[in-house]
Amino acid sequence: MKTPAKLLLVSMVVAGSLVAGRLAIAHHSTVGQIATEITEITGTIKEFQFTNPHSWIQVYVTNDDGQVEEWSVEWLIPNMLMRRGYNPSTFPKGARVTMRLNQHVSGKPIGEFVGARLADGTVIGDWEDE
Amino acid sequence: MQLLAVLKSSKALKQHRTKALMALGLGIVLAAFSYTDEFSGHAAELPDFDSLPDWSGTWARRGGTVFDRATWTMNGRPADPSNRATGVSALGTRAHPPYNEEWEAIYESHLALRDRGLFPDPLTRCIAHGFPRIFNVNSPVEFVVRPEQVWILAEHTRSTMRIYTDGSSHPPPEQRWHTYFGDSRGHWDGDILVFTTVALKGWRDKDNVLDRSGLVLSDQAHATTRIQRVQEENDAGEVEDLLLVAITLEDPRALTEPWTVEKRFYKQPEGTLIFDYECNENNRAVVDEDGRSLFIGLDGEVIE
């Protein structure tokens, strides 16, 4: 994970471009539960749950203490993703990834997907280079 | 089958088996007709298939997943702050439902819960949207037009809405079963599908809403819907192909006057697919007793 100062910088850079264009997670309300700031994580894809009512990306992230944490990142319904050209192979198991998300206000490793960049340079979702 | 076995085993009846079977067959046919008549009363003839419009392909709604645009929000914030204050939609017409005092209070209480993320939307529990919310969810739909029925096949919650166009009538009030989709009967007025819907659940069991803002009607609500294919010019000057759905809702318990809402479904590019949708496959959000939808952590515990 990046330091808080770096996170704030990332948030300032990308937040403006995301607020207007992002689709809300429609299946359930997240009012008051999800932070509006962007959190960035870097890790390895454990599993891409391409399932209804929403897809989930499970990511292994090594935290500042050197321990591996599993993050759960919720994305759109897979039906919508299929029509936009994504599929169950979009996040291959074991792939290195840098991911931006809106984290749960509890600080737990769970949040809503914003965008990602894989090690091979593939960009997924909303992503602007810093 | 038991009756046939008796006929076969009876010597006395054997000689008259043919007549008996004919009589039995006639009885079954008559019974079927009386059953049908009890619930419907068929039309003399069905519309000719070739006379029906072509609504093939995939159609997707645009314009927000609420009927009452005056209270529309995005991510917990008003989509247009001026709307809520004025009660005037972006289209320039009042969109707030004409509730009576009692049901306005119910709706306002739902909006207040919605603003705090506490309104228990039945979709969160994977309960089907029903009618008219089938026209108010994100996923696309298909229309199957046949002389005797029109089917609306919704991807969301895998729902099928059936509209009978065979000249049959709604069941009499005392025989109605109130369901999420109700009972829809209609006819073709040229290329316009016109149908009425009765026997809706409404808010009687607190599990059927018209949209995610908590807009509800009673189980006495009924609707007249008109669907027609039109071409409209958009802001860019392009002519778009769409199905215009106009629903006039009436409810003697909740509304003071009829309320007409519109939804637009745009023809999607050829090859646009509709996929399977099993809402219970991996629902990692739950609703607590206060109506909050919560995340479940990997340990199975609610994340607070």
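### Digging into the overall build of chain B
Helix and strand content of chain B: five helices and 13 strands. Buried positions account for 46% of the 304 residues belonging to chain B. In chain B, the proportion of contacts linking residues at least 24 apart, taken out of those at least 6 apart, comes to 58%. With the model as given, the accessible surface of chain B reaches about 15,900 Å², and the carbon-plus-sulfur share is 53%.

### Overview of the packing of aromatic side chains
Residue and element names in this part refer to chain A. Scanning the entire structure with this criterion turns up 14 aromatic pairs over all chains. Centre to centre, the rings of Phe48 and Trp75 are 6.4 Å apart; their planes meet at 35°, and the pair counts as tilted. Of the two residues, Phe48 is situated in strand S1 (residues 39–49) and Trp75 in the loop between strand S3 (68–74) and helix H2 (78–83); the sequence distance between them amounts to 27 residues. Trp75 matches Phe48 in its accessibility class, with the two residues each being buried.

### Topic: the interface of chain B and chain A
Facing the 34 residues of chain B at the interface are 29 residues of chain A. Of the roughly 2,600 Å² buried where chain B meets chain A, counting both sides, 56% is carbon and sulfur surface. Three residues, Arg284, Phe295 and Ile303 of chain B, lead the burial of chain B against chain A; their summed loss comes to 26% of the area buried on that side. Along the contact surface separating chain B from chain A lie one salt bridge. The tally of links between chain B and chain A comes to 13 residue pairs in polar contact (both at pLDDT 80 or more). Broken down by secondary-structure element, the contributors of at least two residues to the side of chain B that touches chain A are helix H5 (101–115) and strand S13 (293–295) of chain B.

### Some words on the confidence of the model for chain A
Confidence in the prediction of chain A, expressed as mean pLDDT, is 82, and 75% of residues score 70 or more. Here residues 1–26 of chain A is a poorly scored stretch, pLDDT under 50, and it has 46 contacts once near neighbours within four places are set aside; other chains count.

### Comments concerning the pairing of strand S5 (residues 149–154) of chain B
All names here are of chain B. Inspection of the sheet shows strand S4 (residues 141–145) paired to S5 by five bridges, in the antiparallel sense. Residue pairing across strands places Glu142 opposite Leu153, the latter belonging to S5. Linking two consecutive strands that pair antiparallel, namely S4 and S5, is a turn of three residues. Where S5 and strand S6 (residues 160–164) come together, five bridges link them in antiparallel fashion. Paired with Ile152 across the strands is Met161, a residue of S6. Count of turn residues in the S5/S6 antiparallel hairpin: five residues, of which Thr157 carries a positive phi of about 55°.

### Focus: the side chain of Thr65 of chain B
Residues and elements named next belong to chain B. Examined against the element boundaries, Thr65 turns out to sit in the loop between strand S1 (58–62) and strand S2 (73–74). Under the relative-accessibility criterion, Thr65 is labelled buried at 11%. Polar side-chain contacts of Thr65 include one of 2.7 Å to the side chain of Arg212. Those residues in contact with Thr65, other than ones at most four positions away along the chain, are Asn136, Val137, Asn138, Asp211 and Arg212.

### Remarks on the sheet that holds strand S8 (residues 192–198) of chain B
Within a sheet, each strand pairs with its neighbour through backbone hydrogen bonds, oriented either parallel or antiparallel. Residue and element names in this part refer to chain B. Strands sit in the order S1-S4-S5-S6-S7-S8-S9-S10-S11 around a closed barrel of nine strands; the barrel is mixed. Between one strand axis and the next, the sheet turns through 30° on average, direction left out of account. Here two bridges tie S1 to S4, and the two strands are oriented antiparallel to one another. Along S4, the bridge assignment pairs Trp59 with Val141.

### Overview of unusual backbone geometry
Cis rather than trans, the peptide bond between Asn52 of chain A and Pro53 of chain A has omega equal to 5°. Within the secondary structure, Pro53 of chain A sits in the loop between S1 and strand S2 (56–62). For the bond from Phe131 of chain B to Pro132 of chain B, the omega torsion is 5°, close enough to zero to count as cis. Mapped onto the fold, Pro132 of chain B is located in the loop between H5 and S4. The phi torsion at Arg158 of chain B lies on the positive side, around 55°, for a residue other than glycine. Relative to the elements of secondary structure, Arg158 of chain B occurs in the loop between S5 and S6.

### Observations regarding the environment of Glu304 of chain B
Here Glu304 of chain B lies in the segment after S13. Judged by relative accessible area, Glu304 of chain B falls into the exposed class, the value being 58%. Counting along the chain gives 10 residues from Glu304 of chain B to Leu294 of chain B, while the straight-line C-alpha distance between them is 8.0 Å. Excluding residues that lie within four positions of it along the chain, Glu304 of chain B makes contacts with His104 and Ser106 of chain A together with Arg292 of chain B.

### Side note on the pattern of salt bridges
Two side chains of opposite charge can pair, provided their charged atoms sit close to one another. Residue and element names in this part refer to chain B. Applying the stated rule across the entire model yields 18 salt bridges over all chains. Close ionic contact of Asp205 with Lys201 constitutes a salt bridge, the shortest N to O distance being 3.1 Å. For Asp205, a relative accessible area of 44% puts it in the partly exposed group. Relative accessible area serves as the criterion here: at 10%, Lys201 is assigned to the buried category. In this structure, a network of salt bridges that share partners links the residues Arg158, Asp276 and Glu278.

### As for the confidence of the model for chain B
All names here are of chain B. When pLDDT is averaged across chain B, the result is 81; 77% of the residues are at 70 or more. Contacts for the low-pLDDT stretch residues 26–39, under 50 throughout, to residues beyond four places or in other chains number eight contacts. For the stretch residues 81–94, pLDDT sits under 50, and the model shows 18 contacts to residues farther than four places along the chain or on other chains. Our summary of model confidence lists the complex with pTM equal to 0.78 and ipTM equal to 0.74.

Each value, and the rule that gives it
Residues numbered from 1 in each chain as written. Chains lettered and ligands numbered in written order. Predicted model: local features only at pLDDT ≥ 70, side-chain atom pairs only at ≥ 80, totals over all residues. Heavy atoms only, no water. Helix = DSSP H or I, 4+ residues; strand = E, 2+ residues; numbered from the N terminus. Buried < 20%, exposed > 50% of the residue type's maximum accessible area, 1.4 Å probe, protein only. Contact = heavy atoms within 4.5 Å. Areas by Shrake-Rupley, 256 points an atom, 1.4 Å probe, with all protein chains shown as cover. Phe/Tyr/Trp six-rings, centres within 6.5 Å; stacked < 30°, edge-to-face > 60°. Buried area = accessible area lost by both parts, 1.4 Å probe. Salt bridge = Lys/Arg side-chain N within 4 Å of Asp/Glu carboxyl O. Polar contact = N/O pair within 3.5 Å; in protein donor to acceptor, adjacent residues only side chain to side chain. pLDDT = per-residue confidence, 0-100. Pairing = 2+ DSSP bridges. Axes fitted to C-alpha atoms, helices over the stretch in contact; angles between N-to-C directions.

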